[in-house]
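# A structural walkthrough
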Amino acid sequence: MMSAREASANLTPKSEPLPVTVEPLGVTAPSDESLLADMRAGHTEAGEVLVQRYYLPLIRYLQRLTGSVSLAEEMHQQTWLSVLEHLDKFDASNKTGATSGFKSWLFRIATNKANDYWRSNGREKVAKQNLRLVIDQEAPPAESGIEATEQSQKLQAAIRQLPENQRQVLLLRYYSQLKFVEIAEVVGCPLNTALGRMHKAMLRLKELMA
Amino acid sequence: MRNLLQQLENNEAVLMLYLSGELPPEDHVEVEQQLASDASLRCELEALEGLQNEFTFALSEADNQSMPPILQSLKQAAAVKRVSRALVKFQLERPQIASSQDIPVFVRSLRLPSWSYPFATAAMILIGWVAYWGFSSGGPSRHGIPEIAEVENHRGSVDEEEAYPPVIVDEFGHHRVLLPTMGLDEGDVNLVAISAGSYDVSSMFQPVSE
């Protein structure tokens, strides 16, 4: 029989970083908040650093969420334009995490952009979704120009089949690495709901991938 | 946060927070104790961890295969450039936005009080009527104001009833028109006529048959 300490040592997740991570803040790397302050003061270089820092997690989140590279790029740009537009309104102090206030805000904007898109294209989406799934299973997405592997296509198709709210929580967790409390805030639901959606999404993915 | 465990609805929620290290220290210890004593809970935790690892692995594999690193970095550079251009544009437009917001305030302060509009309208109508009356009547001389035009020292005959301004035929048989101008004398009492001169308009007339 294992002791509690041993059990937790075995079961506690390893500290390996996930493949997609936000660039770790070193000793000299400025925090998001200080970069934001610089941006407010008119230093465009600070904006570039922020865009660079969050490019990969944000673009991949949007790609998986929308299922389209070009749409993700468009939304990425729209997200940053929204950030610029509402720069003065952002207040890091009222966010849950001290260090991820901006990240949480950034992913919330991106999620809202995707929601707005789906809302405005709701009718078309319903009509085309099934057709698109069939086409995607036949051939890789033409716009990527890269031949994705069968497994990758299968995963993308499985993610698309998830309900919108489950997909958002799942992808937010993986790409933004926000805490569940923050994810619940981003998608605007209670913590229990966010956790439930995450669990259901993972189970459903496993089922679809099998 | 001490009572977070009580707020969570099911084991999956508790275990997901436990795995992600988001439980408060007291709750974390409590879960460890339960794991040590409950084998089914340990199985549940292992299953959940396996599920998470599976999902994480599948997504990271898919992301790595989706695009070669060099293409990814090119796309990233392009995206950063796009956003930084937008940032520069935004910073340039900012002062203009601020100044354009000031203008309406200034204009608003110059507005007249609401009660003055009827007076202003009445004044405009009066001015319009006076102007119309003045111009359409051909001058004040036709309305009781002392006649200002008199033909002075002209030679030849003139038919006063026929023409205004008078047309005369001079000693050489030429038709001449006398154009008077208006003016005030020094005493400003009587209006007098001043001949502006006579003009030969014979070419405009047919010779008068005697």
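Because the structure is a prediction, the values reported are computed rather than measured. (Residues numbered from 1 in each chain as written. Chains lettered and ligands numbered in written order. Predicted model: local features only at pLDDT ≥ 70, side-chain atom pairs only at ≥ 80, totals over all residues.)

## Examining the packing of helix α5 (residues 101–120) of chain A against helix α9 (residues 180–187) of chain A
All names here are of chain A. Following both chains from N to C, one finds α5 and α9 inclined at 40°, their axes separated by 9 Å at the closest point. Where α5 crosses over α9, the two elements pack in a sense that is right-handed. Between α5, through Ser104, Phe107, Arg108 and Thr111, and α9, the contact on the second element is made entirely by Glu182, Glu185, Val186 and Val187. Within the contact of α5 with α9, the residues separate by chemical class into 3 nonpolar, 2 polar and 3 charged. (Axes fitted to C-alpha atoms, helices over the stretch in contact; angles between N-to-C directions. Helix = DSSP H or I, 4+ residues; strand = E, 2+ residues; numbered from the N terminus. Left-handed = near helix turned anticlockwise from the far one by under 90°. Contact = placed C-beta atoms within 7 Å. Nonpolar A, V, L, I, M, F, W, Y, C, P; charged D, E, K, R; others polar.)

## Focus on unusual backbone geometry
All names here are of chain A. Its identity is not glycine, yet glutamine 177 carries a phi of approximately 55°, on the positive side. Tracing the sequence through the fold places glutamine 177 in the loop between α8 (164–176) and α9. Exposure remark for glutamine 177: the 19 C-beta atoms within 10 Å place this residue in the partly exposed category. (Buried ≥ 20, exposed ≤ 12 C-beta atoms within 10 Å, placed from the backbone.)

## What about helix α3 (residues 25–37) of chain B?
Residue and element names in this part refer to chain B. In this model, α3 (13 residues) spans 19 Å end to end at C-alpha, consistent with the 18 Å of a helix rising 1.5 Å per residue. The complete set of buried residues in α3 reads Asp27, Val31, Glu32 and Leu35. Down the axis, α3 shows its buried residues gathered within 140° of arc, on one side only. In α3, those exposed residues whose orientation departs by more than 90 degrees from the buried face are Pro25 and Ser37. (Expected span 1.5 Å × (residues − 1). Arc of directions from axis to C-beta.)

## Regarding the interface of chain A and chain B
Facing the 44 residues of chain A at the interface are 42 residues of chain B. Of all the elements in the fold, those that place two or more residues in the side of chain A that touches chain B are α1 (4–11), α3 (44–66), α4 (69–85), α7 (150–161) and α10 (191–209) of chain A. Sort the elements by how many residues they give to the side of chain A that touches chain B and α10 of chain A lands first, with 9 residues. When the residues that make up the side of chain A that touches chain B are grouped by side-chain class, the tally is 23 nonpolar, 16 polar and 5 charged.

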